[in-house]
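Residue-level structure breakdown
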Amino acid sequence: MQNFNYHTHTYRCGHADLIEDEEYIKEYIKMGFKRVAFTDHCPEKEVIDDREKIRMRYEQRKEYLDSIKRLKEKYADKITIESGYEIEYLPGQEANLQELKKETDKLVLGQHFIYDKNKNLRVCGRDSFTKEEIMEYASYVEKAIELGIPDIIVHPDNYIQSRGKFEEDEAKVAHRICKVAEKHGIPIEINLAQVFNATYYKDRVLNDDSIEIQKGRLGSVPYPRKEFWQIASNYDVKVLYGIDAHHKGQINLFNNLVTLANEIIGMETISKLKFAENEIFA
């Protein structure tokens with residue numbers, strides 16, 4: 001079973017539990033993880049995404065990185081801890097993203113939005129995307145990878161939320177993402193957060209219902225999408241699971257969440273995916 005996780009948020013983003021960073025590390029150690037990265041939603045030097053409780057403020061950057069540095073030193077004999085951000089690519093923001101890359105160990109690309117023709121944000125899961133907009137989404141992912149910005153693509157099937165279907169155009173986007181990830185050796189993530197939200201965190205209350213009850217709740221999970229991963233299974237691209245941790249109690253459910261994600265995707269497809277074999281896959 002995977003013993004690393006590169007998708008962990010903190011209270012600074014405004015929509016995660018108000019717990020100290022160290023609490024997450026204690027849970028990771030208890031679960032036997034060997035390497036983890038904090039990749040909280042990145043601050044914006046030029047504020048573009050002004051939605052409330054979405055990302056840390058730019059002035060919180062130093063305190064965030066200092067906290068991770070302290071934990072790295074304190075737990076060096078138990079676990080390897082890395083710093084990072086979850087970023088979105090936007091044209092014109094290349095220099096700011098490269099600045100974030102230089103000061104951290106990992107950047108994960110979680111593309112949540114694109115610009116429309118008037119340079120307004122169109123957000124996955126909030127706005128319905130046209131065919132042209134999901135193709136633009138694909139081009140953003142391609143450009144970010146070609147510029148060498150991200151180390152991992154997280155929830156690469158996120159765009160499907162804004163379509164409500166998976167047909168020819170959605171499949172084209174999946175092929176484009178997997179093709180560019182394969183070409184540049186960038187891993188893609190099977191995201192576990194929405195699985196957690198629909199099952200063990202249903203109605204935003206942690207429960208201990210049986211795995212069979214949890215399986216009955218999977219119909220409302222927006223991603224992972226089995227169709228995307230069926231396409232990904234035909235590419236030579238590395239795959240990893242991402243907890244996308246926002247809540248205390250989420251990490252110690254990792255094994256069950258993997259089981260549930262696999263239930264969605266299907267074991268025939270899972271058996272064909274090329275999973276990263278260890279925590280150092282670069």
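Look up a bit, the structure's there.
Residues numbered from 1 in each chain as written. Predicted model: local features only at pLDDT ≥ 70, side-chain atom pairs only at ≥ 80, totals over all residues. Heavy atoms only, no water.

Moving on to the overall build of the protein chain. Across its full length, the protein chain carries 10 helices and 10 strands. For a compact globule of 282 residues, the expected C-alpha radius of gyration is about 19 Å, and the protein chain comes in at 18 Å, within 12% of that figure. If you line up the protein chain on its principal axes, its C-alpha atoms span 50 × 45 × 35 Å. Residue burial in the protein chain is summarised as follows: out of 282 residues, 56% are buried. Contacts spanning at least 24 positions in sequence make up 74% of the contacts within the protein chain whose residues lie at least 6 apart. As presented, the protein chain carries roughly 12,700 Å² of accessible surface, and 46% of it is formed by carbon and sulfur atoms. The positive charge centre, built from 42 side chains, and the negative charge centre, built from 50, are 1 Å apart in the protein chain. (Helix = DSSP H or I, 4+ residues; strand = E, 2+ residues; numbered from the N terminus. Rg over C-alpha atoms; globule rule 2.2 N^0.38 Å. Buried < 20%, exposed > 50% of the residue type's maximum accessible area, 1.4 Å probe, protein only. Contact = heavy atoms within 4.5 Å. Areas by Shrake-Rupley, 256 points an atom, 1.4 Å probe, with all protein chains shown as cover. Lys, Arg positive; Asp, Glu negative; His and termini not counted. Charge placed at Lys NZ, Arg CZ, Asp CG, Glu CD.)

What follows deals with the state of the cysteines. For the structure shown, the criterion picks out 0 disulfides. Cys13 carries a free sulfur, and the closest cysteine sulfur to it, the one in Cys42, is 12 Å from it. Judged by relative accessible area, which is 1%, Cys13 ranks as buried. With no disulfide of its own, Cys178 lies 16 Å from the sulfur of Cys124, the closest cysteine sulfur. (Disulfide = S-S within 2.5 Å.)

As a further point, take the packing of helix H1 (residues 21-30) against helix H2 (residues 61-74). Following both chains from N to C, one finds H1 and H2 inclined at 35 degrees, their axes separated by 10 Å at the closest point. Between H1 and H2 lies a crossing of right-handed hand. Between H1, through Asp21, Glu22 and Ile25, and H2, the contact on the second element is made entirely by Ser67, Leu71 and Lys74. Partitioning the contact of H1 with H2 into residue classes produces 2 nonpolar, 1 polar and 3 charged. (Axes fitted to C-alpha atoms, helices over the stretch in contact; angles between N-to-C directions. Left-handed = near helix turned anticlockwise from the far one by under 90°. Nonpolar A, V, L, I, M, F, W, Y, C, P; charged D, E, K, R; others polar.)

Of the two faces of strand S4 (residues 106-109), both are covered, the one formed by Lys106 and Val108 as well as the one formed by Leu107 and Leu109. The pairing of strand S3 (residues 80-87) with S4 spans 4 bridges and is classified as parallel. Each bridged residue has a counterpart across the sheet, and for Ile87 the counterpart in S4 is Leu109. Since S3 and S4 lie parallel, the crossover through helix H3 (residues 94-102) that links them has a hand, and here it is right-handed. Across 2 bridges, the pairing between S4 and strand S7 (residues 152-153) is parallel. Paired with Val108 across the bridge in S7 is Ile152. (Pairing = 2+ DSSP bridges. Right-handed = clockwise from strand over helix to strand, strands pointing away.)

Time to look at the packing of aromatic side chains. Across all of its chains, the model carries 10 aromatic pairs by this definition. Between Tyr28 and Phe33, the aromatic rings sit 5.2 Å apart at their centres with planes inclined by 70 degrees, giving edge-to-face as the arrangement. The exposure class assigned to Tyr28 is buried, which follows from its relative accessible area of 0%. Residue class for Phe33 comes out buried when judged on its relative accessible area of 3%. Joined through ring pairs, the aromatic side chains of Tyr28, Phe33, Tyr241, Phe254 and Phe275 make up one cluster. Above the face of the Tyr6 ring, Lys106 is positioned so that its terminal group lies 4.4 Å from the ring centre. (Phe/Tyr/Trp six-rings, centres within 6.5 Å; stacked < 30°, edge-to-face > 60°. Lys NZ or Arg CZ within 6 Å of the ring centre and 35° of its normal.)

In this section: the packing of helix H4 (residues 131-146) against helix H5 (residues 168-184). Contact pair H4 / H5: the axes reach a minimum separation of 10 Å and the direction vectors enclose 5 degrees. The angle between the axes of H4 and H5 places the two elements in the roughly parallel class. Seen from H4, the contacting residues are Lys131, Ile134, Met135, Tyr137, Ala138, Ser139, Val141, Glu142, Ile145 and Glu146; seen from H5, they are Asp169, Glu170, Lys172, Val173, Arg176, Ile177, Val180, Ala181 and His184. Counted by class, the contact of H4 with H5 contains 10 nonpolar, 2 polar and 7 charged residues. (Parallel < 35°, antiparallel > 145°, perpendicular 65-115°, else oblique.)

Among the structural elements, Lys272 can be located in the loop between helix H10 (267-270) and strand S10 (274-275). For Lys272, a relative accessible area of 40% gives the class partly exposed. In this structure, the C-alpha to C-alpha distance between Lys272 and Gln230, residues 42 residues apart in sequence, is 8.8 Å. Not counting chain neighbours up to four residues away, the residues in contact with Lys272 comprise Ser233 and Asn234.

Cis geometry is adopted by the peptide bond preceding Pro224, which originates at Tyr223 and carries an omega value of 15 degrees. In this fold, Pro224 is placed in the loop between helix H7 (211-215) and helix H8 (226-232). In this model, Lys53 sits at a positive phi of 55 degrees, which is unusual for a non-glycine residue. Within the element layout of this structure, Lys53 appears in the loop between strand S2 (35-41) and H2.

A few words now on the pairing of strand S8 (residues 188-191). Neither face of S8 is exposed, since Ile188 and Ile190 on one face and Glu189 and Asn191 on the opposite face are all buried. Two strands pair when backbone bridges link them, and S8 and strand S9 (residues 238-242) are joined in this way by 4 bridges, in the parallel orientation. Bridge pairing in S9 places Ile188 opposite Val239.

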